[in-house]
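What follows is each chain in one-letter form.
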Amino acid sequence: MKIECNIDGKALSLSVNSNKPLSLILMEDLGNQSLTSYCRGNACGNCIVMVNDEAALSCLIPAFRIRGAKIRTFESYQRSRQYRDIERAYKATGTKPCPACYNARTLIIESILQDQSGAKQQNGAPAAKDVKLDKEKIIRELSLNTCQCMDMAELIQIVEIALGYRNRRRRVRRS
Amino acid sequence: MYEGVRSPLIYTPRSIGEFSTIIARHSQAILWAGGTHLMSRSDYYPGEARDGIIDLSYMEELKRITRNDRYVEIGAMVTARQLLSAGRLLLPPILQDTLRSMGTQIVRRQVTIGGSLCISDERLSLSTTLAILASSAEVKRYDQGKVTTHWIPIAKLYDKDGRLNLGSKSALLTRIRIGLEFGDFQRFVVFGDPIRRSDECGIVALQAKREQNGLSEVQFCVTFPRKAFHISKDIESKLSGSALPIHPEKVNTLSHELVAELTKMHSTISDLQLERARRIFESFLHDLNSQSLF
Amino acid sequence: MTEKRPPTPKLGTLTGLIVRTTVAGAKIRHITLPTLDNRFTVVGTRDIGGTNRVKAMVNSMPLFTSSAVSYKGQPVLAIFGPDSESIELAAREVVIEYEAEEGQEGGGATPYTWAFGSLEEATAVEGVQSIERTYRYGKLDTVNSTLSRISAQLIGGDLHITLPTQWPHHVRETVAEVTGHPKKRIFVHCESFHAPHDEMLLTPSLLAAVAALGSLKSGTAAQLFCVISSRRPELTIKRKSWYTADGRVHGERIEAEVDQGAALLFSDEMANHLAAGLTPIYDLEALSISITFTTSAKEPAHFHGDLGYSDAQACTEAHYNTITKLTGYNPLTWRLKFLTDGGNHAIKTEKSAKLKEILEDVSERSGFLRKRAAYEMQAHMKVKLSTFLNYSRGAAIACAPGISGFSSECRQMVQQAVQITLNPNNKVEVNTSLPASGSSAEVWKQIIKEELAIDRGDITFIEDCSRVIDSGPVVLSVAIGRMPQQIKRACALIKEKRFVQPLPICESVLSPRQSSAGGALFTSNTWVAIALELQIDAILLQPVIRSVWATIAMSKAPNEEIVRNKAHQSIVRALREAGGVLSYTSNFTIDIKIVSEGEQLPSSISSAVRAAVNSAFQSAVEQALGSAVTRFPIDGNVLLSAIRGKS
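Time to look at the nonpolar core. Leu63(C), Ile161(C), Phe266(C), Ile571(C) and Phe617(C) are the most contacted members of the largest nonpolar core, which has 148 residues in total. For this core, the element with the highest residue contribution is helix H13 (residues 606-625) of chain C, accounting for eleven residues. The residues touching Phe266(C), leaving out its near neighbours within four places in the chain, are Ala56(C), Met57(C), Asn59(C), Trp167(C), Leu201(C), Leu202(C), His302(C), Phe303(C) and Leu307(C). Counting residues in hydrophobic clusters, the runner-up holds 109 residues, among them Tyr102(A), Met39(B), Ala80(B) and Ile106(B).

Following this line, the structure appears as structure tokens:
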């Protein structure tokens, strides 16, 4: 099946099996180095990519569902300004995820930041300055990735700090 | 394309009418809703879908949410995330808790209501909760060119082991209907990891009406994925009509009766799962008791 | 400096998959392969030009099997093809017929023994009582899903292997021995990895050999995508201790059995690590340890984060916590009374006074004594673990000396080198096969910076794999234990010659052996003390950790922040693997205090932290349940058995 889509900023026409998982397409057909997992249904949470600006598990997306989609892997995401907020948060806390889950965890945090900073507010209103963090919700989101290299307290701290950087950057831009 | 692995043909009906035409010709085709369960099987790929795949995501009529005074109807292709955000004001709290328990936001964007209910051999959170709410599913059966529509209570969609039975090999669950009258006491607990360790998991849901220090219309369901889908009419009837607070001895007796029932009807449930389910059930009753004191 | 990247595989790279046995303890009668065209390459035992073995010090295990099946999942052959779908389908069509074989459960090997004192005399004391317990440390349920890519490519007679590995030298040796390709023409390019359980120690070598066979046979590049995991050796430790009412333990007899699965690898050295952990640091007149290694029809198990020291030490501490209770002491007072210098004949430690200080410190910070006394009263509760009124909490304390590296008796590991070159313009080049990224490398840079007064930015690591020297396997905290000593020594040698000799000055330092003074197997200059509080969730039957306090005594660490993070990670990982659930309420803390004194480079704390945390966890669960817990990890089934009175 021929599938046209945009992956990491490149318009591609892929010739793959229609039911091939996106994670395998990225790893095997495109040689994407930022994905290193195919857990065969164990829900490891290590194959996160951005599909149409929303985080998704690429092992659960078949080729026939990416037609016309804009896909961003960590390879292109790490060049973005949004990534800097999280990278700075890692530096500020002195801890970061291990090499195995770094990419996926970072994209999960990005998804949380997008949600928390109200980037997707339906009415288009700017995000509230000090949105109270729903810690339970964040813990649930972070538990999507099963790697045990970090504990939740550290991850929550990183999310809080990254959110602070993100909101400050937005306020500076607006003003 | 690779020799030995034929790329499945993808059919994309845009209406139920088009779907009927396709399913008549390809009765063995795989119905694809969110695809999360299908793709999470360890032997999913490479695998063949000889009769093709019917992608339901283009059928707009399956994505609607409508309501009136008595019930809300949800299309089978509505995702868990959509339902959670749209249904905040009208869905019972227990259903909202259930939807939140279905993975994370990232996963809920893909999980569909219909897909979750139609997993053939594994019952998870949504089936359990809908079984205790006054909910039913519209199922269209396609047999030898004829289409028949049936409304089936969710609790009757599954056998005691939790296996799905839509009444026909070619059937489509199009929408579910949830009554807007529900009890004021609702509890829902999942223990274990239903995705990664479904063998050790259990789901318990209970709802009841509290009136003048008494219980009525108790509905209770306990599920062990792949092992049991258990609705205990006996326990429901013993609890309905009980005065609050329920005596601790009765709480103890009922919880052990539940274990006895489960052991008798489902031999594959482990000791640990049974003990956890029993304790959760007991804690629900203790909760009822403590609330009745205020 | 431009980053040199290994050659990227060209189009036409074959992807491989290893076909494995589906049964254990049988014999392969016949293998039927599907008909495959010339796009596929199959490699098996017949394609091995060298030896069909993967060595590990003195022992070895087969690469492929064509007859005896030692364990389920043993490699039989590998299929290489144009893409993953084709090889997956081809592999499904491979039929392996088995026939029954006589039971292979092994054992009967001569046990390793250590002893001091006379048990006969020690147990003849008047009024002596005994306690005997059997502790079981079973396999962990960790699921690893990371795919590692191992590729092999022949370019102009040179075989390039790219993979993650803890032991590049071993990869080169194994590929050379299996394929028969000259070692000088094999180049190993290391990728970054995360291997908290030493997953990347031996398996990558095995996979590299398979990929190399595929590449050599097909004449094109070959790669494998595999999930690489490791299995923890299963330990059964039977301890019998003789004690008197005054709390003194007079003698102890320990019998340990280690199930290493299908192959006995690193057993000699593992015995030393186990002995070090099993020997208590408390006053003891006589001790007898016997360790037997057995085989079984399971995957080989050896390194798993360490070589068994943390499990053995955890067992010791948990056992002595039980003894303190039997003798009417609280665990802190008992330890303060019976800790002596030179008590542990297996580890030459720092003065016990330091340990006593940090035990008191951690006890005070955690309120251990008060909590422990309160929780002891719950033993009087009529209904424990009631869903109505849950009062099932536990608090415990434990300690351990930190060790790293191989023991003083390990002769099989050839001494590993690290080389430092001071170039003109004050540029320093470090030559080592150990990974040059991560917190350990930061520590090395810090040492070089301080010793040679060089900017961090002027310190580089050699990446050209043809020049990299063998610094040994990355195990047993070598990167933070042994390496800093070697680097410091090399810098000292350079300092002597600096401004005297012309640049460049190059110094190589071999790994130091552990001092065997007094017959000790290890030397330690760090102490770890842990206090832990938990609660059993009476509804879900899970141990929920409320808080953890740690006090670590060590000589001046090059970077205390790194030590703190490492300790934090070790605590979290240990608790999760032990079966604990970390509670994220606002009261939950992991409070780590580091007490630094002295100028020596400190020994690693990872194994000690793991040991102390595990034993504190075990003891706290025992107090919460009010019954003995001797199986590890502690999951819901263990708790349920304890509640129902079954051991």
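From this point on, the discussion continues.
Below, the discussion takes up the domain arrangement of chain B. All names here are of chain B. Taken domain by domain, chain B holds domain 1 (10-58), domain 2 (60-179) and domain 3 (185-292). On a C-alpha basis, the centroid separation for the pair domain 1 and domain 2 is 18 Å. Where domain 1 abuts domain 2, roughly 1400 Å² becomes buried across the two surfaces, and 66% of that area is made up of carbon and sulfur atoms. For domain 1, the biggest contributors to the area lost against domain 2 are Ile16, Thr36 and His37; these three give 35% of the whole. Here domain 1 and domain 2 share zero salt bridges between them. At the junction of domain 1 and domain 2, the tally comes to three residue pairs in polar contact (both at pLDDT 80 or more). Elements with a minimum of two residues in the side of domain 1 that touches domain 2: helix H1 (16-25) and helix H2 (36-39). For the side of domain 1 that touches domain 2, the element with the most residues is H1, which contributes four residues.

Right, let's talk about the interface of chain A and chain B for a bit. Interface size is commonly expressed as the accessible surface area that is lost when the partners come together. The interface is formed by 34 residues belonging to chain A together with 31 residues belonging to chain B. At the boundary of chain A and chain B, one finds four salt bridges. Its salt-bridge partner being Glu54(A), residue Arg81(B) comes within 3.3 Å of it at the nearest N-O pair. Our enumeration of links across chain A and chain B arrives at 13 residue pairs in polar contact (both at pLDDT 80 or more). Elements with a contribution of two residues or more to the side of chain A that touches chain B: helix H1 (22-29), strand S4 (54-57), helix H4 (102-116) and helix H5 (135-142) of chain A. For the side of chain A that touches chain B, the element with the most residues is S4(A), which contributes four residues. For the side of chain A that touches chain B, a count of residues per class yields 17 nonpolar, eight polar and nine charged.

All names here are of chain B. Across all of its chains, the model carries 70 salt bridges over all chains by this definition. As a salt-bridge pair, Lys160 and Asp161 come within 3.3 Å of each other at their nearest N and O atoms. Relative accessible area serves as the criterion here: at 38%, Lys160 is assigned to the partly exposed category. Under the relative-accessibility criterion, Asp161 is labelled partly exposed at 21%.

This part covers the packing of helix H6 (residues 309-326) of chain C against helix H7 (residues 331-338) of chain C. All names here are of chain C. Where H6 meets H7, the closest approach of the two axes is 9 Å, and the angle between their N-to-C directions is 105 degrees. As far as their axial angle goes, H7 and H6 are roughly perpendicular. Across the interface between the two elements, Glu317, Tyr320, Asn321 and Thr324 from H6 touch Pro331, Trp334 and Arg335 from H7. In terms of residue class, the contact of H6 with H7 is made up of three nonpolar, two polar and two charged.

To continue, consider the sheet that holds strand S22 (residues 459-461) of chain C. All names here are of chain C. Read across the open sheet, the four strands follow the order S22-S21-S20-S23; overall the sheet is mixed. The outermost strands of the open sheet, each flanked by one partner alone, are S22 and strand S23 (505-510). Neighbour to neighbour, the strand axes of the sheet diverge by 20 degrees on average, direction disregarded. Across three bridges, strand S21 (residues 427-431) lies against S22 in parallel orientation. Of the residues in S22, the one forming a bridge with Glu429 is Thr460.

Analysis parameters
- Residues numbered from 1 in each chain as written.
- Chains lettered and ligands numbered in written order.
- Predicted model: local features only at pLDDT ≥ 70, side-chain atom pairs only at ≥ 80, totals over all residues.
- Heavy atoms only, no water.
- Core = buried A, V, L, I, M, F, W, Y, C linked by side-chain atoms within 4.5 Å.
- Buried < 20%, exposed > 50% of the residue type's maximum accessible area, 1.4 Å probe, protein only.
- Helix = DSSP H or I, 4+ residues; strand = E, 2+ residues; numbered from the N terminus.
- Contact = heavy atoms within 4.5 Å.
- Domains from an automatic or database assignment.
- Buried area = accessible area lost by both parts, 1.4 Å probe.
- Salt bridge = Lys/Arg side-chain N within 4 Å of Asp/Glu carboxyl O.
- Polar contact = N/O pair within 3.5 Å; in protein donor to acceptor, adjacent residues only side chain to side chain.
- Nonpolar A, V, L, I, M, F, W, Y, C, P; charged D, E, K, R; others polar.
- Axes fitted to C-alpha atoms, helices over the stretch in contact; angles between N-to-C directions.
- Parallel < 35°, antiparallel > 145°, perpendicular 65-115°, else oblique.
- Pairing = 2+ DSSP bridges.

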